[in-house]
Each structure stands twice: as structure tokens, then as C-alpha cells.
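Chain and residue survey
Each chain is listed here by its residues.
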Amino acid sequence: MKPTALFQNGGVRVNVDCETTLPGLWAAGEVTCGIHGANRLGGNAQAECFVFGKIAGEQAAARAKEIDFGQVEEEVIVREKEKVFASLNKEQGFHPHKLKEQIQDLMMEYVGPLRNEEGLNLAMNYFKDIGDKKDLLFTTGKSRIMNIEWMEAIEVCNMVDLAMVMTSGALLREESRESHYREDFPEHFPYGDNENWGVETVVKLKNGEIKIDKVPVEYDEIKPGEFEVKKVDVPYQTFRA
Ligand SMILES: Cc1cc2nc3c(=O)[nH]c(=O)nc-3n(C[C@H](O)[C@H](O)[C@H](O)COP(=O)(O)OP(=O)(O)OC[C@H]3O[C@@H](n4cnc5c(N)ncnc54)[C@H](O)[C@@H]3O)c2cc1C
């Protein structure tokens, strides 16, 4: 028996109209970030989907009426096809399933809610190593129909990028708040060090390089410390299996 992920706190940045930074792309729900901060409370995810799903859908529909499909350059299509079919066209290399399992195990062990610098750095080194193998994935079966191995080869490429982004963000944030507990920075848990870390971690992947910015949180109604948090008898506890 082991715990499973209930919710992804980080995600794609959107504005109040659910627009992403990619023109013509709207997003809502768990794939986005910013609504819940460092911890999503029970029941709020469904409410988020209803509220922001409606906004995103309406905005996207309105935009669709104004524009046509546009043109995609042939060169881009060829490049993407090569990337997607690469593992099917190889006869040897690395098995996607093994690498996928390795990513999952590393994320579970070192990048879960309890993390520390040593473990995060260790995981990061492994992820870089897995990232170097992305172009060497191969599938034993060559079918294009219901080929789980092929699907995993595509997944591994995205998973390892995302794993590196999450690990970099966790390494940068030297404090503990809610579902981010740095064992080497236990102070301020669970409410966080708002003086130094009242920021959002904004990560971009450009030309294979991870770029992280700290963007100050804009508090427009209630600032941290302006409301009283009632103490309850059951304290926050952290357990490492
Ligand atoms: C066990 C569990 C219990 C939960 N209980 C509650 C609860 O009690 N209350 C609450 O509010 N929230 C709860 N949540 C959270 C809530 O269910 C989710 O946050 C919410 O359903 C997310 O909805 P979504 O539409 O944003 O994403 P999803 O429901 O994950 O939908 C994303 C969809 O995109 C599809 N997809 C993915 N990749 C691709 C691709 N490349 N191409 C095309 N499609 C793709 C997926 O197949 C999926 O159908 C729970 C979550 C879990 C895991």
C-alpha cells in the first residue's frame, strides 16, 4: 500500500479570463495553477473546474468565431512527426517503461511532499541522465494501434521535463509551507515564511534550459497575518515511510 497524488498544485499560468501565454490557448482546472496556493482544500477542485471551465469555454468559443484555422508550416509538422515516431523507428536503445518507472520512483522518494536539498539534487542528476536518453528510446512492438510502449515513449519525454521543472522549483524554495515541506527548512511550517517567500515560482523551459523567476504574490483582499488562524487540537504532522 502506498499513497497516491490527489492534486497537482502547480500548473500552467492563466489570467482571469483563463488565457495562457500561448495565443489561442485557454486552460482551466487541475492543469492550471494559482487558485489554491500551496494546498488545495478538500472539495475545491470540482468548484474550480465548474467556475473556470465555464469562463475558459466561453472565451475560447468567442475567439473561435473570430478566427480561422490559420496555417501550420510544413517544416513544423515534419519535425513533430519525426519526434513522435522516433522510438517506433529504432531497433535498440532504452526501454521507455523502465525509464518511466525510474522517474516515478524518484519522484515518489525525493520529490514528494517531504523533500530536502540532498534528495532533490540526487533526483535532479538522475533526471538529467534520463533526459539525455530521450532520443534513444525504442519500442519492441512496432504497431501504431494500441501500442502502450509507444505511448510510454512519448510520455517519458514529457514526464522527465516536468520532473526537472518540479525538482528545480522545490530546490529553489527554501522554506516549508503546506504541501511543500523542506526537511532542511522546517521553520514557518505550515503557513510559510511570507516575508521572504510570499512569491510564486514561475518556471519556463527555453531551449532545453529551465529558467525560474520569483514573482511576488499580489494580495488584494487579505494579506498573510491579517486574519486569525484558530488553533486546533490535532497538530500538523509529517511522516516519512
Ligand atoms: C482520488 C481522487 C479523489 C478526489 N476527490 C475530490 C473531491 O472529493 N472533491 C474535489 O473537489 N476534487 C477531488 N479530486 C480532484 C478532482 O477530481 C480533480 O482536480 C478534477 O477532476 C480535475 O479535473 P480536470 O478536468 O481539470 O482534469 P482531468 O479530470 O484530469 O481531465 C483531464 C483530461 O485530459 C485528458 N488528457 C490528458 N492528456 C491528454 C492529451 N495529450 N490529449 C487529449 N486528452 C488528454 C485526460 O484523459 C483527462 O480526461 C480528487 C482527485 C482524486 C485523484
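On a predicted model such as this, the values are computed, not experimentally measured, just so you know.

Quick look at the domain arrangement of the protein now. By a widespread convention, an interface's size corresponds to the accessible area lost as its parts come together. Domain parsing of the protein yields domain 1 (1-70) and domain 2 (73-216). The distance between the C-alpha centroids of domain 1 and domain 2 comes to 21 Å. Between domain 1 and domain 2, the contact holds seven residues from the first and eight residues from the second. At the boundary of domain 1 with domain 2, total buried surface from both sides reaches about 590 Å², with 54% on carbon and sulfur atoms. It is R13, A38 and N39 in domain 1 that bury the most area against domain 2; as a group they hold 62% of the surface buried on that side. In this structure, the connection of domain 1 to domain 2 is made through one salt bridge. As a salt-bridge pair, R13 and E200 come within 2.8 Å of each other at their nearest N and O atoms.

Moving on to the site of the ligand. Surrounding the ligand, one finds L6, F7, G29, E30, R40, G43, N44, A45, Q46 and C49. A distance of 2.4 Å separates an oxygen atom of the ligand from a polar side-chain atom of E30. Q46 is positioned with one of its backbone polar atoms (N or O) 2.8 Å from an oxygen atom of the ligand. Coverage of the ligand by the protein amounts to 31% of the 1000 Å² it exposes when considered alone. Residue composition of the shell around the ligand, grouped by class: four nonpolar, four polar and two charged.

The next subject is the packing of helix 4 (residues 117-132) against helix 5 (residues 148-172). Packing of helix 4 against helix 5 brings their axes to within 10 Å, and their N-to-C directions diverge by 155°. Between helix 4 and helix 5, the crossing angle belongs to the class labelled roughly antiparallel. Of the two elements, helix 4 crosses helix 5, and the hand of that crossing is left-handed. Packed against helix 4, whose contacting residues are E117, L120, N121, M124, F127, K128, I130 and G131, the element helix 5 presents V160, A163, M164, T167, S168, A170 and L171 at the interface. Residue classes in the contact of helix 4 with helix 5 are distributed as nine nonpolar, four polar and two charged.

Cut-offs applied
Residues numbered from 1 in each chain as written. Predicted model: local features only at pLDDT ≥ 70, side-chain atom pairs only at ≥ 80, totals over all residues. Heavy atoms only, no water. Domains from an automatic or database assignment. Contact = heavy atoms within 4.5 Å. Buried area = accessible area lost by both parts, 1.4 Å probe. Salt bridge = Lys/Arg side-chain N within 4 Å of Asp/Glu carboxyl O. Near = heavy atom within 4 Å. Polar contact = N/O pair within 3.5 Å; in protein donor to acceptor, adjacent residues only side chain to side chain. Areas by Shrake-Rupley, 256 points an atom, 1.4 Å probe, with all protein chains shown as cover. Nonpolar A, V, L, I, M, F, W, Y, C, P; charged D, E, K, R; others polar. Axes fitted to C-alpha atoms, helices over the stretch in contact; angles between N-to-C directions. Helix = DSSP H or I, 4+ residues; strand = E, 2+ residues; numbered from the N terminus. Parallel < 35°, antiparallel > 145°, perpendicular 65-115°, else oblique. Left-handed = near helix turned anticlockwise from the far one by under 90°.

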